[in-house]
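# A structural walkthrough
Below, each chain spelled out in residue letters.
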Amino acid sequence: MKHWAAILVMFAAIFTFFSCDKDDGDWDPMVWKAEVPVVKSGDSFEVSDRGETIVFTCRNYSKPWLAVVMSGETQVFPERIFQDIEINDSHKVATDWFTVEIVGNKLIISFGPNKESWEQLLNLTVTAGDIFYTFNFRQLAHQK
């Protein structure tokens, strides 16, 4: 019996020395790079009222997924009204005015035209486990 206890202590010591060198929650922040320059105003990326597709690549995590998707609008500035969008597929969400898809380490956001007289807002939180990154988008109101 003492022999098994000694072996168990030895394995515990070995695993202690070879465990990860980072504590939970002590991960490097996600590093995202847009494939083409994107206009940023404050903490939000600006999107044309005509719609567009924006692609970001995560430089240091390989397979992130969607954690939170919130859609909103600004009708009476500065009041912003947001609602959660149900995520049935952690790699793709589609609505009537935008589609978000993650393929490998690429985040692809396609915006349709904004035909409303107010701004459309989109907040995406992407995760790779213990690390999160939030993107904020503001689609301009329809220009008459």
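Here, every reference points to the structure presented above.
Here goes a summary of the coordinates provided. (Residues numbered from 1 in each chain as written. Predicted model: local features only at pLDDT ≥ 70, side-chain atom pairs only at ≥ 80, totals over all residues. Heavy atoms only, no water.)

Further remarks concern the overall build of the protein chain. Along the protein chain, the regular secondary structure elements total one helix and 11 strands. Listed N to C, the secondary structure of the protein chain is α-β-β-β-β-β-β-β-β-β-β-β in terms of helices and strands. Relative to its 144 residues, the protein chain shows a buried fraction of 31%. Partitioning the intrachain contacts of the protein chain with sequence separation of at least 6 by distance along the chain shows that 65% fall at a separation of at least 24. Looking at the protein chain as shown, the accessible area adds up to about 9500 Å², and 56% of this sits on carbon and sulfur atoms. (Helix = DSSP H or I, 4+ residues; strand = E, 2+ residues; numbered from the N terminus. Buried < 20%, exposed > 50% of the residue type's maximum accessible area, 1.4 Å probe, protein only. Contact = heavy atoms within 4.5 Å. Areas by Shrake-Rupley, 256 points an atom, 1.4 Å probe, with all protein chains shown as cover.)

What follows deals with the layout of surface pockets. A water-sized probe, rolled over the atoms, reveals where empty space remains. Here the largest pocket defines a volume of roughly 260 Å³. Breaking the lining of the largest pocket down by element, the ones donating at least two residues are β5 (65-74) and β6 (80-84). A class-by-class count of the residues in the lining of the largest pocket yields five nonpolar, six polar and four charged. (1 Å grid on protein atoms, 1.4 Å probe; cavity = no way out; pocket = protein on both sides within 12 Å on 5 of 7 lines; lining within 4 Å. Points joined across faces, edges and corners; volume = space filled by probe spheres on them. Nonpolar A, V, L, I, M, F, W, Y, C, P; charged D, E, K, R; others polar.)

On to the pairing of strand β3 (residues 44-47). Across two bridges, strand β2 (residues 40-41) lies against β3 in antiparallel orientation. Looking at β3, one finds that Ser41 is bridged to Ser44. Once β2 ends, the chain turns through two residues before running back antiparallel as β3, passing Gly42 with a positive phi of about 65°. (Pairing = 2+ DSSP bridges.)

Quick look at the pattern of salt bridges now. Taken as a whole and judged by the stated rule, the model has three salt bridges. The residue Lys106 makes a salt bridge to Glu35 at a minimum N-O spacing of 2.6 Å. Highlighted residues: Lys106 in strand β9 (residues 106-111) and Glu35 in the loop between β1 (32-34) and β2, separated in sequence by 71 residues. For Lys106, a relative accessible area of 31% translates into the label partly exposed. The class for Glu35 is partly exposed, based on a relative accessible area of 47%. With a closest N to O distance of 2.7 Å, Arg138 and Glu119 form a salt bridge. (Salt bridge = Lys/Arg side-chain N within 4 Å of Asp/Glu carboxyl O.)

Bringing the sheet that holds strand β7 (residues 92-94) into the picture now. Judged by pairing direction, the sheet is antiparallel, and its five strands sit side by side in the order β1-β4-β9-β8-β7 without closing on themselves. Each of the sheet's edge strands pairs with one partner strand only, and the pair in question is β1 and β7. Neighbour to neighbour, the strand axes of the sheet diverge by 20° on average, direction disregarded. Pairing of β1 with strand β4 (residues 52-58), which is carried by three bridges, proceeds in the antiparallel orientation. Bridge assignment links Trp32 to a residue of β4, and that residue is Cys58. (Axes fitted to C-alpha atoms, helices over the stretch in contact; angles between N-to-C directions.)

Now for the environment of Phe137. Along the chain, Phe137 turns up in strand β11 (residues 132-139). Excluding residues within four positions of it along the chain, Phe137 makes contact with Phe45, Val47, Ile54, Phe56, Ile109, Phe111, Gln120, Leu121, Leu122 and Leu124.

We now examine the pairing of β11. Bridging between β3 and β11 involves three bridges; their strand directions are parallel. By the bridge assignment for β11, Phe45 is matched with Phe137. Pairing geometry for strand β10 (residues 119-127) and β11, over eight bridges, is antiparallel. In the strand pairing of β11, Gln120 is matched with Gln139. Between β10 and β11, which pair antiparallel one after the other, the connecting turn spans four residues, and Gly129 there sits at a positive phi close to 110°.

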